[in-house]
Amino acid sequence: MAVVTPAKSVLHSSIPDPHPSHFSASPSNLISARATQLGFRPRLLHQAKPTKWVEGFGYGLGRNRGSRTERLQRKPWVVKCTAEGIERGMFVGRRERGGEAKQLVRVPERFKVVALLACVMCLCNADRVVMSVAIVPLAAQKGWTSSFLGVVQSSFLWGYIFSSVIGGALVDRYGGKRVMAWGVAMWSLATLLTPWAANHSTTSLLAVRAFFGLAEGVALPSMSTLLSRWFPTHERASAVGISMAGFHLGNVTGLLLTPVMLSSMGINGPFILFSSLGLLWSTIWAYTVTNDPRESDFISKLELRLIQAGKSDSPGYFVLLSWMPVYFKTVFNVNLKQAAWFSAVPWGSMAISSCIAGTASDYLIKAGYSLTIVRKIMQSIGFIGPGVSLLCLNYVNTPAAAAVLLTVALCLSSFSQAGFLLNIQDIAPESAGFLHGISNSAGTFAAIVSTIGTGYFVQWLGSFQAFLTVTAALYFMTTIFWNLFATGERVF
């Protein structure tokens with residue numbers, strides 16, 4: 001009769017295991033915990049050796065199949081938040097097969113949010129610019145005067161002035177995700193209807209453009225609120241810079257693609273393209289983003305902790321956006337495609353300078369400068385620089401020189417995004433959307449007057465000099481007002 005002898009537990013075997021587990025109950029040789037204001041601070045002491053499989057029983061994370069060995073290595077990846085003193089050790093898996101290595105890195109959810117916001121801000125401005133370019137052949141076809149061009153260009157702002165305040169209040173009540181989604185869907189519909197309205201009647205065109213502005217007015221309040229919830233204070237300027245870089249790239253995209261599509265597909269081509277992209281973006285947005293990081297099913301606890309620990313436009317812009325292609329065509333007598341290229345270069349440079357401005361602002365805050373000082377420095381650069389550049393523009397004689405000065409003006413103007421745009425979140429974090437709407441409406445009213453006034457100035461005086469001088473004066477006056485009354489402290 002055979003005697004059955006119980007097998008000795010591998011875990012209690014006296015035979016030393018050549019491949020010991022890293023998950024034993026003994027004190028960990030990997031992590032030393034250090035207390036911080038948030039709890040514990042993991043710090044990596046040294047790298048664990050990889051677990052390798054051999055014949056027989058093991059308890060690593062791989063398996064031996066015949067002569068082919070597959071193993072999984074883990075290497076440390078340290079993520080630091082210098083402003084808050086958070087340091088985290090994460091492991092990123094790397095699977096090796098036949099000498100090929102693949103690094104698996106998880107992208108933080110807040111980076112996905114800012115990427116989608118940059119894309120929608122790009123569409124937001126591209127949809128505006130389409131009309132700024134298409135209005136040139138439309139005006140020639142229908143015999144519109146310069147003064148009436150100003151009326152058509154300003155009709156976008158008629159709706160925009162109301163939706164900025166209403167949209168800001170809706171964002172504070174329902175969240176940026178839902179309001180942004182509805183806004184994109186409505187302005188994409190208005191973009192699609194624009195060429196039909198232009199062919200139907202002038203009244204229809206003005207009504208559709210006003211509806212388009214009404215829908216787009218919610219974009220900036222939604223962006224501002226979402227970024228204030230998804231990013232800690234010391235990363236917020238960079239996040240705004242990235243989002244606004246997309247906004248300015250929308251100018252480049254619209255200015256370069258619209259003339260090509262007008263010549264190849266007719267007046268309907270660019271409007272159909274950009275409205276379709278807007279509806280596609282809305283679909284992705286609906287299934288990817290949440291109003292608050294705490295509502296996300298995909299965010300890690302460590303990223304959520306980092307976000308929580310870190311929480312403690314001007315009239316000149318709209319005038320330049322509306323009139324730049326007309327300016328190059330009228331003053332320098334270039335064709336539509338050339339005018340679009342000369343207009344696109346400044347906006348493309350502004351996209352880069354937006355990121356630089358955001359990074360510089362975050363650096364100054366980390367260096368210990370107060371929010372008030374940083375916001376005043378950024379805003380002063382954003383106003384004085386464009387004012388001086390526009391005054392110099394009166395004395396240029398070539399389109400290339402004009403493009404250089406406009407590039408300087410818009411690059412320096414982008415520093416305003418690290419000034420007033422972020423200051424709204426500083427002084428009223430709980431009502432940022434509503435306050436952004438009020439400031440946007442005030443700026444929009446000035447933009448309506450200046451956009452229409454530009455048309456009459458040009459028609460009356462026969463040149464853009466008065467328009468450039470008045471715009472520069474506005475920049476200088478607002479600089480003085482800002483430095484006298486601005487603050488980075490919470491007001492309400």
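Procedures and definitions
Residues numbered from 1 in each chain as written. Predicted model: local features only at pLDDT ≥ 70, side-chain atom pairs only at ≥ 80, totals over all residues. Heavy atoms only, no water. Phe/Tyr/Trp six-rings, centres within 6.5 Å; stacked < 30°, edge-to-face > 60°. Axes fitted to C-alpha atoms, helices over the stretch in contact; angles between N-to-C directions. Helix = DSSP H or I, 4+ residues; strand = E, 2+ residues; numbered from the N terminus. Parallel < 35°, antiparallel > 145°, perpendicular 65-115°, else oblique. Left-handed = near helix turned anticlockwise from the far one by under 90°. Contact = heavy atoms within 4.5 Å. Nonpolar A, V, L, I, M, F, W, Y, C, P; charged D, E, K, R; others polar. pLDDT = per-residue confidence, 0-100. Expected span 1.5 Å × (residues − 1). Buried < 20%, exposed > 50% of the residue type's maximum accessible area, 1.4 Å probe, protein only.

Asker: Just give me the short version of the packing of aromatic side chains, but keep the residues and values in it.
Answerer: For the structure on display, the rule yields 6 aromatic pairs. When the centroid spacing of 5.4 Å and the interplanar angle of 65° are considered together, the rings of Trp 144 and Phe 148 count as edge-to-face. Chaining the aromatic ring pairs together yields one cluster made of Phe 156, Tyr 160 and Phe 212.

Asker: Can you break down the packing of helix 11 (residues 371-392) against helix 12 (residues 399-413) residue by residue, with the values?
Answerer: Axis separation between helix 11 and helix 12 bottoms out at 7 Å; the angle between their running directions is 165°. The orientation of helix 11 with respect to helix 12, classified from their angle, is roughly antiparallel. The chirality of how helix 11 crosses helix 12 is left-handed. Contacts between helix 11 and helix 12 involve Ile 381, Gly 382, Gly 385, Pro 386, Ser 389, Leu 390 and Cys 392 on the former and, on the latter, Leu 405, Leu 406, Val 408, Ala 409, Leu 412 and Ser 413. By residue class, the composition of the contact of helix 11 with helix 12 is 9 nonpolar, 4 polar and no charged.

Asker: Can you explain the confidence of the model for the chain? Please cite residues and give values.
Answerer: Per-chain confidence: the chain averages 74 in pLDDT, with 72% of residues scoring 70 or above. Predicted confidence for residues 1-101 stays below pLDDT 50, and this span has 128 contacts to residues more than four positions away or in other chains.

Asker: Describe helix 7 (residues 269-286), and please don't skip the residues or the numbers.
Answerer: Between the first and last C-alpha of helix 7 there are 27 Å, a value that for 18 residues agrees with the 26 Å anticipated at 1.5 Å per step. Taken together, the buried positions of helix 7 are occupied by Gly 269, Pro 270, Phe 271, Phe 274, Ser 275, Gly 278, Trp 281, Ser 282 and Trp 285. Packed against the buried residues of helix 7 are helix 1 (109-142), helix 3 (176-200), helix 5 (219-230) and helix 6 (233-265).

Asker: Outline the packing of helix 3 against helix 5, supporting the account with residue identities and numerical values.
Answerer: The geometry of helix 3 relative to helix 5 is characterised by a closest axis approach of 9 Å and an angle of 155° between their N-to-C directions. The orientation of helix 3 relative to helix 5 falls into the category roughly antiparallel. Two packed elements cross with a definite hand, and for helix 3 against helix 5 that hand is left-handed. Counting all contacts with helix 3, which are made through Gly 176, Lys 177, Val 179, Met 180 and Trp 187, the residues of helix 5 involved are Ala 219, Ser 222, Met 223 and Leu 226. Taken together, the residues that form the contact of helix 3 with helix 5 break down as 6 nonpolar, 2 polar and 1 charged.

Asker: Tell me about helix 4 (residues 202-216), residues and numbers included.
Answerer: Its 15 residues place the ends of helix 4 21 Å apart at the C-alpha level, agreeing with the 21 Å of an ideal helix rising 1.5 Å per residue. Those residues of helix 4 that fall on the buried side of the exposure criterion are Ser 204, Leu 205, Leu 206, Val 208, Arg 209, Ala 210, Phe 212, Gly 213, Ala 215 and Glu 216. Elements in contact with the buried residues of helix 4: helix 1, helix 2 (146-174), helix 3 and helix 5.

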